[in-house]
Structure formats: C-alpha cells, structure tokens
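# Secondary and tertiary structure notes
What follows is each chain in one-letter form.
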Amino acid sequence: MAEAAKQAPGRGLPPVHLWHPAHCGDIDIVIRRDGVWLHEGSPIGRAELVRLFSTILRKDADGYVLVTPGEKLAIAVEDLPFRAVSVERRGEALVFTTDVGDQTTAGPDAPIVVETDPTTGEPAPRVRVRADLWARIARPVFYELVEAASVEDGRLTVRSGGAAFALGPVGAGVE
C-alpha cells in the first residue's frame, strides 16, 4: 500500500456526499482491524484497487458503504477504515498520512481523539480523515505524538491547526 500512498497526493476525491443511490445490498469486503482489505476472505493485493475503493467509501447511519452515482453496497469494517501510518510537523500543523495515501491536518475539523479502554487502560487514538471516516493512529505514530507533547493541566497535549488535543493524563501509561 506504500505505492498507493505515494500516488495519492494531489488527487481529488469523488463527491460521494452528493450521491444517493438506492441500497443494492452487501459486498463481501471487510476492512480488518490491521488495515488489510479483504474480498471474499482474501486480501486485495493491488494497492491501486484498495485506494480506489477507499475514495468511494462513506459512513452512513446504517454503516460503511461503497457508493457510486448508481450503486450503494454495504461493507464490514472491524475497527476504523484507515490507519494513520505517519505524522509530520509542518509549522503549527500535524499532518497525518493514512495507509491509503490520504493526508489530513489535525485541527478543529479533523480532531485527534484518544479513548481509553476501561479494562486495559490502553489508549485508542484516532484522527478524522474526512466526513465521518477516521483513521486509527498506529502505535509508533502515537509514540511520536507523546514525545512531542507538552504537559497542560496534568495532561499530555499536542497542538495543531489552532486546537489542543489531550493524549491522556500524565503518568497514565501514555508517557
């Protein structure tokens, strides 16, 4: 998928928010928790095809769908559809790149959210990519954020796009 990530910058996304075809059924596509896209149980090996599918992905009230002007097919997503696999500081902004080549700049419209598993205490960080599509922030990327964080009101905090995002309390396993 690294090749798709290299090819994606600068490409526009289709206006899936404007497309409202009738629901056609389900398609046997699953996005696994680790970011691998499966079709009929087998990994989709062509990064270009995964990238294409990712551009027509939308989350509706009834779940994730692949949508075109004429079709709407439900798919399964085990966790979140994307993985944030890198982060780069550009001036005052944190820019994330996903496993399908999308880039998103954290800020008020693309917040970083860290939920904590109540049983394990494990952080589950994510960042909004577009609309209601989110990327799970990969563990090494989260560690980069923690390293760059400052302590504000007893919480590790990063800033981007004029907004502050709490990563977790100091001493709660995110240091």
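Higher on the page you've got the structure.
A brief report on the enclosed structure follows. Everything quoted here is computed from the prediction, not taken from an experiment.

## A look at the overall build of the protein chain
- Along the protein chain, the regular secondary structure elements total 3 helices and 15 strands.
- The globule rule puts the C-alpha radius of gyration for 175 residues at 16 Å, and the 17 Å found for the protein chain is close to it.
- For the C-alpha atoms alone, the extent of the protein chain along its principal axes is close to 50 × 35 × 30 Å.
- Expressed as a percentage of its 175 residues, the buried residues of the protein chain come to 46%.
- Excluding contacts between residues fewer than 6 apart, the proportion of contacts in the protein chain whose partners are at least 24 apart in sequence is 51%.
- Here the protein chain has roughly 9200 Å² of accessible surface; of this, 52% comes from carbon and sulfur atoms.
- Side chains of the protein chain carry 19 positive and 25 negative charges; the gap between the two charge centres is 3 Å.

## Regarding the pairing of strand E10 (residues 112-116)
- Bridging between E10 and strand E11 (residues 123-130) involves 5 bridges; their strand directions are antiparallel. The residue bridging Glu115 from the neighbouring strand is Ala124, located in E11.
- Hairpin geometry of E10 and E11 is characterised by an intervening segment of 6 residues between the two adjacent antiparallel strands and by a positive phi of about 80 degrees at Gly121.

## Overview of the packing of aromatic side chains
- Scanning the model with the defined rule gives 1 aromatic pair in all.
- Above the ring of Trp134, the side-chain terminus of Arg126 is found at 4.2 Å from the ring centroid.

## Section: the sheet that holds strand E15 (residues 163-169)
- With antiparallel pairing, 3 strands are arranged side by side in an open sheet as E13-E14-E15. Looking at which strands have only one partner, the edges of the open sheet turn out to be strand E13 (150-152) and E15. Averaged over all neighbouring strand pairs, the angle between strand axes comes to 45 degrees, with direction disregarded.

## Describing the environment of Pro169
- Tracing the backbone shows Pro169 in strand E15.
- On the basis of relative accessible area, Pro169 is assigned to the partly exposed category, the value being 35%.
- In this structure the C-alpha to C-alpha distance between Pro169 and Leu156, which are 13 residues apart in sequence, comes to 6.0 Å.

## Points about the pattern of salt bridges
- The tally for this structure, following the rule as stated, stands at 12 salt bridges.
- For Asp102, the salt bridge is made with Arg130, and the minimal N-O distance between the two is 2.7 Å. Here Asp102 is found in the loop between strand E8 (93-98) and strand E9 (103-105), whereas its partner Arg130 is found in strand E11, with 28 residues between them in sequence.
- Between Glu115 and Arg126 there is a salt bridge; the shortest N-O distance is 3.1 Å.

## Some remarks on the sheet that holds strand E2 (residues 37-39)
- Overall, mixed pairing links the 6 strands, which are arranged E3-E2-E1-E6-E5-E4 in an open sheet. Looking at which strands have only one partner, the edges of the open sheet turn out to be strand E3 (42-43) and strand E4 (57-60).
- Sheet topology note: the strand E1 (residues 23-31)/strand E6 (residues 72-77) ladder contains 5 bridges and is parallel. Among the inter-strand pairings, Val30 is bridged to a residue of E6, identified as Ala76.

## A look at the layout of surface pockets
- If you add up the space inside the second largest pocket, you get close to 160 Å³.
- As for the second largest pocket, its lining consists of Leu13, Pro14, Val16, His17, Thr55, Leu57, Arg58, Lys59, Arg130, Ala131, Asp132 and Leu133.
- A total of 3 residues in the lining of the second largest pocket trace back to one element, the largest contributor, which is E4.
- Per-class residue counts for the lining of the second largest pocket are 6 nonpolar, 2 polar and 4 charged.

Cut-offs and rules
- Residues numbered from 1 in each chain as written.
- Predicted model: local features only at pLDDT ≥ 70, side-chain atom pairs only at ≥ 80, totals over all residues.
- Heavy atoms only, no water.
- Helix = DSSP H or I, 4+ residues; strand = E, 2+ residues; numbered from the N terminus.
- Rg over C-alpha atoms; globule rule 2.2 N^0.38 Å.
- Buried < 20%, exposed > 50% of the residue type's maximum accessible area, 1.4 Å probe, protein only.
- Contact = heavy atoms within 4.5 Å.
- Areas by Shrake-Rupley, 256 points an atom, 1.4 Å probe, with all protein chains shown as cover.
- Lys, Arg positive; Asp, Glu negative; His and termini not counted.
- Charge placed at Lys NZ, Arg CZ, Asp CG, Glu CD.
- Pairing = 2+ DSSP bridges.
- Phe/Tyr/Trp six-rings, centres within 6.5 Å; stacked < 30°, edge-to-face > 60°.
- Lys NZ or Arg CZ within 6 Å of the ring centre and 35° of its normal.
- Axes fitted to C-alpha atoms, helices over the stretch in contact; angles between N-to-C directions.
- Salt bridge = Lys/Arg side-chain N within 4 Å of Asp/Glu carboxyl O.
- 1 Å grid on protein atoms, 1.4 Å probe; cavity = no way out; pocket = protein on both sides within 12 Å on 5 of 7 lines; lining within 4 Å.
- Points joined across faces, edges and corners; volume = space filled by probe spheres on them.
- Nonpolar A, V, L, I, M, F, W, Y, C, P; charged D, E, K, R; others polar.

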